[in-house]
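# Structural features, examined
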Amino acid sequence: MTKQRVLSGVQPTGNLHLGNYLGAIQGWVEGQKEFENFFCVVDLHAITAPHDPRTLAANTLTIAALYLACGIDLEYSTVFVQSQVPAHSELTWLLNCLTPLNWLDDMIQFKEKALRQGEHVSLGLLDYPVLMAADILLYQADKVPVGEDQKQHLELTRDIADRFNHLFGQGQVLLKPPTSLIRAAGARVMSLSDGRRKMSKSDPSDLSRINLLDPPDLIQKKIKNCKTDPVRGLAFDQPDRPECQNLLTLYMLLTGKSKDQVAAETAPLGWGQFKPLLTEALIESLRPLQNRYQALIADPSYLEEVLHQGSYWAGEIAHQTLTTVRQALGYWSPRGSKP
Ligand code: TRP
C-alpha cells in the first residue's frame, strides 16, 4: 500500500519556539514513518509582511537546519525551500483566477494581520491562503498537520480544490482536497507572560517565549521572570490558573512523565521550588537538539545539498500537478510537449 502524503511548512521569520516544536514539529517527527512527507520552508509567505532582505536567506537555512535537528529524517521526508520550486508561484496565479475574492477578505488571520500592519497591507497578504493552498495541492497531500489557527486556511484549500475540480475536472478529481491532522490535546504551549495567550513569534517580548536555540542562561532568566500566581501548591486543571496549567504541562511534555506523576511530584511545591526543576528540564531537553543544530549550521555544504535534492524531488512532483492544471485550463503548448 502506498503511504499517504503529508505536507507542512513554517515561515522563515527568525527562530522557532517551544510552541512550534511541541505543537507541530514533534508531531511531524513522530508520525513521519507512517507517511510520505514534504516539509518546506515557506519563504514566499515570509514577504507577505514587511521583511528584511539581509536576514531572509539566513533565516531560511536556520529553519531547514532546525527541521533536521528536531529529528526530521530524510529517509522518510523531503525538506525543501518553497521559492526554489517555481511551481508554487505559478499554481498560485492559476488558482487566484478561480478563487472568488470574497472567500479571502473575511479570513480571520488576514483581518488580524491587516489590523497589525495598518496601512501597509499588501495584496500578497490577502493572497497568503491561496499560496498555502498551492503548496498543499501541488503535492496532492492527503494530510496537513496544522494548528487550530490554520484550520480556516485548510478549509479554503479544500474549497479551492473542489471548485477547480468542479469547473475544470470533467468529472475527475485533479486536485485532491486535503484533510487536517490536528495533534492531540496537551501540545498547546502558552505564553510565559500570559497563560491565556498562545506562545507566539509575533509577541514583541522575547521573554514571553522559549526559543529552541536559547542558551541555558537565557532559559533560566525567562523562567525566573515568567508569570505565575500567588496561590500555594501546584495543580492541573484549575480554571483560574492558566499559567500553572501551562508550566506543569510543559514540564510533563519535556520530561515524558505522566500527568499523575507530575501532579504528585509538584503538589507540595511552591513556585520557588518548581521553577528550577522546569528550567533544568528545558535546558536538558533542548541540549541535544541545539548540539545537532550547531553541527548542521557549521557545515553549509551539507545543508545546501539536502535542500538542493529536496527542491529537485519536490519540483518533479509539483511539476506533474502543474502540467495537469495547465492542461485542464486549456493552455497552449508547443506540439509534442506538455503545456
Ligand atoms: N500558514 C502556515 C502557518 O503560518 C504556514 C504554511 C504555509 C503552511 N504553507 C503551508 C502550513 C502549507 C501547512 C501547509 O503556520
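Described below are features of the structure shown in this document. Since this is a predicted model, take the numbers as computed values, not measurements.

Of the regular secondary structure elements, the protein holds 11 helices and 5 strands. In terms of overall dimensions, the protein has C-alpha extents of about 75 × 45 × 45 Å along its principal axes. Here the protein holds 339 residues, and 48% of them are scored as buried. Contacts spanning at least 24 positions in sequence make up 74% of the contacts within the protein whose residues lie at least 6 apart. When the accessible surface of the protein is totalled, it reaches about 17000 Å², and 54% of it is carbon and sulfur. Of the charged side chains in the protein, 33 are positive and 37 negative, and the gap between their average positions amounts to 2 Å.

Attention now goes to the site of the ligand. Around the ligand, the surrounding shell consists of Leu7, Ser8, Gly9, Val42, His45, Tyr128, Met132, Asp135, Ile136, Val144 and Gln150. The contact in question runs from a nitrogen atom of the ligand to an N or O atom on the side chain of Asp135, over 2.7 Å. Between a nitrogen atom of the ligand and a side-chain N or O atom of Gln150, the distance comes to 3.0 Å. Protein burial of the ligand: of its 370 Å² of free accessible surface, 87% is covered by the chains. For the shell around the ligand, the elements supplying multiple residues, two or more each, are strand 1 (5-10) and helix 5 (123-138). For the shell around the ligand, the leading source of residues is helix 5, giving 4 residues. In terms of residue class, the shell around the ligand is built from 6 nonpolar, 4 polar and 1 charged.

We now examine the pattern of salt bridges. This structure, assessed with the given rule, holds 15 salt bridges. In this structure, Glu243 engages Lys227 in a salt bridge whose closest nitrogen and oxygen atoms are separated by 3.4 Å. Taken together, the residues span a long stretch of sequence, with Glu243 in helix 8 (residues 242-255) and Lys227 in the loop between helix 7 (216-225) and helix 8 at a distance of 16 residues. With its nearest N and O atoms 2.8 Å apart, the salt bridge here joins Arg241 to Asp229. A residue pair is termed long-range when its members are at least 10 positions apart, and Arg241 in the loop between helix 7 and helix 8 and Asp229 in the loop between helix 7 and helix 8 qualify at 12 residues. In terms of burial, Arg241 and Asp229 fall into one category: buried. The structure contains a network of salt bridges with shared partners spanning Asp206, Arg209, Asp214 and Lys222.

Here is what the cut-offs are and how they apply
- Residues numbered from 1 in each chain as written.
- Predicted model: local features only at pLDDT ≥ 70, side-chain atom pairs only at ≥ 80, totals over all residues.
- Heavy atoms only, no water.
- Helix = DSSP H or I, 4+ residues; strand = E, 2+ residues; numbered from the N terminus.
- Buried < 20%, exposed > 50% of the residue type's maximum accessible area, 1.4 Å probe, protein only.
- Contact = heavy atoms within 4.5 Å.
- Areas by Shrake-Rupley, 256 points an atom, 1.4 Å probe, with all protein chains shown as cover.
- Lys, Arg positive; Asp, Glu negative; His and termini not counted.
- Charge placed at Lys NZ, Arg CZ, Asp CG, Glu CD.
- Near = heavy atom within 4 Å.
- Polar contact = N/O pair within 3.5 Å; in protein donor to acceptor, adjacent residues only side chain to side chain.
- Nonpolar A, V, L, I, M, F, W, Y, C, P; charged D, E, K, R; others polar.
- Salt bridge = Lys/Arg side-chain N within 4 Å of Asp/Glu carboxyl O.

Just distances and angles here, no functional claims.
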